[in-house]
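Listed below, chain by chain, are the residues.
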Amino acid sequence: MPPQPVPSPATRTPGSAALLTALLDPGSFHPWDSPAAPPAGAGPDHRRELDDATRAAGTDESVITGRGRIDGHPVAVVCSEFAFLAGSVGTVAAHRVIRAVARATAETLPLVLSPASGGTRMQEGNAAFLAMVDIADRIAAHREAGLPVVGYLRHPTTGGAFASWGSLGSLVFAEPGALIGFLGPKVHRALHGEPFPPGVQTAENLHAHGLVDGVVDAGGLRDRVAGILRCTGRGARPPHTPAAPGPGPDPDPDHAAGIRPADARTAITATRRDDRPGVRDLLAHARDVVELHGTGAGEIAAATVLCLARLGDTGCVLVGQDRAALRPPGPADLRVAQRGMQLARELRLPLVTVVDTVGGELSPAAENGGLAGEIARCLATMTRLPVPTVSVLLGRGTGGVALALLPADRVLAAGHGWLAPLPPEGASAIVHGTPDRAVEVAGTQRVTAGELAALDAVDRIVAEVPDAADEPIRFVRRLAGVIEDEIAVARTVQGLHRSRSGATGG
């Protein structure tokens with residue numbers, strides 16, 4: 001993917017005070033920092049630099065820490081002041097970060113980390129450089145405690161700041177137009193005699209490559225952090241306004257009167273309708289949806305949605321296959337799914353997976369990318385997660401990439417949902433040497449929701465009356481309510497289904 005064009009960043013990086021004002025509730029910030037003193041061993045020249053920086057920046061160091069509120073909920077904040085020696089992190093600043101993160105952990109506070117820094121302070125050498133280790137350790141401990149960490153990379157974030165506290169958020173966002181990269185432009189020019197290629201070290205390019213979850217201004221960051229807090233049960237929730245009722249009562253979601261189980265032909269035909277609702281329609285009925293983008297390690301998904309969301313009043317991590325995607329899911333999609341699984345584990349949130357795919361990518365790139373291994377790793381992870389899990393067979397469930405998201409404490413299926421090892425035409429070609437007997441083969445493979453329930457692979461069927469595409473709003477509303485109910489069931493019976501020997505993998 002070529003570098004992405006970006007808007008020009010501001011010539012002067014907004015200071016820490018501007019960020020805190022935009023992010024936090026008015027008057028809620030209370031600093032944690034004690035007055036800074038020059039680091040041990042600082043010579044007269046460096047002391048003068050520190051004094052000059054204090055006068056220029058209006059702060060006594062390059063990092064400001066403290067506690068504030070977002071929509072009334074307390075959070076801890078660690079924020080760079082770029083005007084202080086280009087936000088460079090010396091020993092005093094590093095220890096501020098370490099102490100603040102430790103205090104946030106002790107007080108069970110969500111944490112917002114916002115560097116704008118040239119990196120390690122060269123005047124302080126290895127004493128400052130080695131502090132990256134302790135910073136990373138404290139942030140890892142905070143996340144292991146089940147506490148959210150949100151990163152916000154401002155212009156510019158480079159070097160050791162990017163390679164430690166800038167990259168360790170549960171979710172990471174970036175300021176529009178920000179220069180972000182490991183190797184600072186000044187260093188690259190000095191070492192190589194030419195500027196770094198344009199358009200690479202930018203917030204937008206990092207987002208295009210799945211390294212940050214979004215590019216937002218400070219107001220957008222506040223909205224996302226507030227949503228994250230509500231999804232994780234740590235934020236004030238706005239009053240719930242139920243959706244306007246549809247025309248007439250909804251049928252019982254499990255066994256609508258007069259609704260007969262679909263046969264294979266009917267199910268497969270229904271799920272191939274272009275107007276059938278998918279995961280995006282489900283999310284349109286969710287609240288506080290905060291999307292994550294990519295693996296965080298340089299890959300993006302072709303056909304997989306990963307987000308935090310609330311279904312009713314229940315926060316969850318949701319991983320869903322997008323039936324409207326232009327490309328099938330490949331290895332990167334499954335690595336994104338695994339990121340979602342690990343995030344659910346870390347934040348102690350229920351995991352909801354949505355299966356709806358024509359099958360995985362079949363290409364040399366998919367083979368080289370380890371598609372089979374990623375399917376296996378998804379299956380192994382799904383069956384061992386220590387949080388409530390609910391999977392939804394929403395439509396087409398074709399092949400290993402569908403099965404990869406199916407194992408759960410509770411498995412739901414739409415009335416026309418189906419699961420098969422191959423597309424019916426492919427299975428027919430193997431069995432009969434022709435794709436023309438696809439419906440016949442599907443009828444023998446027990447692919448439908450009703451047949452999967454008989455195999456103990458599906459716990460509950462959500463009726464379509466008569467077809468989800470004919471009642472998209474009512475169907476999706478009904479499905480969202482069933483998922484919320486089944487998360488509650490999964491909390492009480494978690495693990496009971498893992499002894500199964502059927503298709504759900506345990």
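In what follows, the structure referred to is the one given above.
What you see is a predicted model, and the numbers here were worked out from it, not measured in a lab.

Participant: How should I be thinking about the sheet that holds strand β1 (residues 30–31) in this particular structure?
Facilitator: The pairing of strands in a sheet comes from backbone hydrogen bonds and takes either a parallel or an antiparallel form. Taken together, the seven strands give an open sheet; going across it, the order is β1-β2-β3-β4-β5-β7-β9, and neighbouring strands pair in mixed fashion. The open sheet is flanked by β1 and β9 (214–215), the only strands paired with a single partner. Relative to strand β4 (residues 111–114), strand β3 (residues 73–80) is paired through four bridges, and the arrangement is parallel. Note on β4: the bridge partner recorded for Cys-79 is Ser-114.

Participant: Where do I start with the pairing of strand β7 (residues 171–174) in this structure?
Facilitator: Residue alternation in β7 divides its side chains into two sets, Leu-171 and Phe-173 and Val-172 and Ala-174, and both sets are buried. In terms of strand pairing, β7 meets β9 through two bridges, oriented parallel. Bridged to Phe-173 within β9 is Gly-214.

Participant: Is there a simple way to think about the pattern of salt bridges in this case?
Facilitator: When the charged atoms of two side chains with opposite charge come close together, those side chains can pair. Evaluated as defined, the whole model comprises 35 salt bridges. The closest approach of N and O atoms between Arg-96 and Asp-33, which form a salt bridge, is 3.7 Å. Residue Arg-96 is located in helix α3 (residues 91–106), and its partner Asp-33 is located in the loop between β1 and α2 (44–57); the two are separated by 63 residues in the primary sequence. The exposure class of Arg-96 is buried, given its relative accessible area of 3%. Assessed through its relative accessible area of 24%, Asp-33 is described here as partly exposed. Residue Glu-486 is joined to Arg-460 by a salt bridge in which the shortest nitrogen-to-oxygen separation is 2.7 Å. On the criterion of sequence distance, the pair formed by Glu-486 in helix α19 (residues 472–493) and Arg-460 in strand β17 (residues 460–462) is long-range, its members being 26 residues apart.

Participant: Teacher, can you tell me more about unusual backbone geometry here?
Facilitator: When glycine is set aside, most residues are seen to have a negative phi, and most peptide bonds are trans. Backbone torsion omega between His-155 and Pro-156 reads -15°, so that peptide bond is classified as cis. On the secondary structure map, Pro-156 appears in the loop between β5 (149–153) and β6 (157–158). In this model, Asp-288 sits at a positive phi of 55°, which is unusual for a non-glycine residue. As for its placement among the helices and strands, Asp-288 is situated in strand β10 (residues 287–292). Phi at Arg-446 is positive, roughly 60°, even though this residue is not glycine.

Participant: Please explain the environment of Ala-94 as it appears in this structure.
Facilitator: Topologically, Ala-94 is positioned in helix α3. For Ala-94, a relative accessible area of 0% translates into the label buried. Among residues more than four places away in sequence, those in contact with Ala-94 are Val-89, Ala-131 and Ile-135.

Participant: I keep staring at the packing of α3 against helix α5 (residues 131–144) and nothing clicks. Help me out?
Facilitator: Between two packed helices, both the angle of their axes relative to each other and the distance between the axes serve to describe the pair. The contact between α3 and α5 brings their axes to 9 Å, and the two run at 15°. Comparing their axes, α5 and α3 come out roughly parallel. In this structure, α3 meets α5 at a crossing whose hand is left-handed. Touching Ala-94, Val-97, Ile-98, Val-101, Ala-102, Ala-104 and Thr-105 of α3 are Ala-131, Asp-134, Ile-135, Arg-138, Ile-139 and His-142, all from α5. Within the contact of α3 with α5, the residues separate by chemical class into nine nonpolar, two polar and two charged.

Participant: Got a minute to help me understand the nonpolar core in this structure?
Facilitator: Soluble globular proteins tend to bury their nonpolar side chains together. The biggest cluster of nonpolar side chains holds 59 residues, and the ones touching the most others in it are Ile-70, Phe-173, Leu-221, Leu-308, Val-317, Met-341 and Leu-351. The contacts of Met-341, once residues within four sequence positions are left out, are Leu-351, Cys-378, Thr-381, Met-382, Leu-385, Ala-404 and Leu-405. The next biggest cluster of nonpolar side chains, apart from the first, holds 27 residues, and it includes Ala-286, Phe-475, Ala-480 and Ala-490.

Participant: So what exactly am I meant to see when it comes to the side chain of Asp-467 here?
Facilitator: Within the secondary structure, Asp-467 is located in the loop between β17 and α19. Dropping the residues within four chain positions of it, Asp-467 is found in contact with Ala-270, Arg-273, Arg-276 and His-416.

Participant: Sorry, what's going on with helix α1 (residues 16–23) here?
Facilitator: In an α-helix, one full turn covers 3.6 residues, which means residues spaced three or four apart are oriented alike. All of the buried residues in α1 are Ser-16, Leu-19, Leu-20 and Leu-23. For α1, the arc enclosing every buried residue in end-on projection is 95°, short of the 170-degree limit, so these residues lie on one face. Facing away from the buried side of α1 by more than 90 degrees, the exposed set consists of Ala-17 and Thr-21.

Participant: How do you make sense of helix α10 (residues 264–271) when you look at a structure like this?
Facilitator: Those residues of α10 not exposed but buried are Ala-264, Ala-267, Ile-268, Ala-270 and Thr-271. Looking straight down α10, one finds its buried side chains confined to an arc of 165°; they lie on one side. Away from its buried face by more than 90 degrees, α10 exposes Arg-265 and Thr-269. Buried-residue contacts for α10 involve β14 (389–398), β16 (418–420), α16 (424–432) and α17 (438–444).

Participant: What am I meant to see in the pairing of strand β12 (residues 314–321) here?
Facilitator: A regular strand places its side chains on the two faces of the sheet in alternate fashion. Of all eight residues making up β12, eight are buried, and the element is well covered by its neighbours. Neither face of β12 is open: one carries Thr-314, Cys-316, Leu-318 and Gly-320, the other Gly-315, Val-317, Val-319 and Gln-321, and all of them are buried. Where strand β11 (residues 304–311) and β12 come together, eight bridges link them in antiparallel fashion. Paired with Ala-309 across the two strands is Cys-316, which belongs to β12.

Participant: Teacher, can you tell me more about the packing of helix α12 (residues 331–347) against helix α14 (residues 371–382) here?
Facilitator: Where α12 contacts α14, the axes come no closer than 9 Å and their chain directions differ by 20°. One finds that α12 runs roughly parallel with respect to α14. Where α12 crosses over α14, the handedness of that crossing is left-handed. Side by side, α12 and α14 meet where Pro-331, Leu-334, Arg-335, Ala-337, Gln-338, Met-341, Gln-342 and Arg-345 of the first sit next to Leu-371, Glu-374, Ile-375, Arg-377, Cys-378, Thr-381 and Met-382 of the second. When its residues are assigned to classes, the contact of α12 with α14 shows eight nonpolar, three polar and four charged.

Participant: Got a minute to help me understand a nonpolar patch on the surface in this structure?
Facilitator: A cluster of nonpolar side chains, contributed by Leu-422, Ile-430 and Val-431, occupies part of the molecular surface with about 290 Å² of accessible area. Mapped onto the elements, Val-431 comes out in helix α16.

Participant: Would you mind going over the side chain of Asp-356 with me for this structure?
Facilitator: Take Asp-356: it is sitting in strand β13 (residues 351–357). A distance of 3.1 Å separates a polar atom in the side chain of Asp-356 from the backbone nitrogen of Arg-396.

Here is what the cut-offs are and how they apply
Residues numbered from 1 in each chain as written. Predicted model: local features only at pLDDT ≥ 70, side-chain atom pairs only at ≥ 80, totals over all residues. Heavy atoms only, no water. Pairing = 2+ DSSP bridges. Helix = DSSP H or I, 4+ residues; strand = E, 2+ residues; numbered from the N terminus. Buried < 20%, exposed > 50% of the residue type's maximum accessible area, 1.4 Å probe, protein only. Salt bridge = Lys/Arg side-chain N within 4 Å of Asp/Glu carboxyl O. Contact = heavy atoms within 4.5 Å. Axes fitted to C-alpha atoms, helices over the stretch in contact; angles between N-to-C directions. Parallel < 35°, antiparallel > 145°, perpendicular 65-115°, else oblique. Left-handed = near helix turned anticlockwise from the far one by under 90°. Nonpolar A, V, L, I, M, F, W, Y, C, P; charged D, E, K, R; others polar. Core = buried A, V, L, I, M, F, W, Y, C linked by side-chain atoms within 4.5 Å. Arc of directions from axis to C-beta. Patch = residues over 30% accessible without salt bridge, like charges linked within 9 Å, V, L, I, M, F, W, Y side chains within 5 Å. Areas by Shrake-Rupley, 256 points an atom, 1.4 Å probe, with all protein chains shown as cover. Polar contact = N/O pair within 3.5 Å; in protein donor to acceptor, adjacent residues only side chain to side chain.

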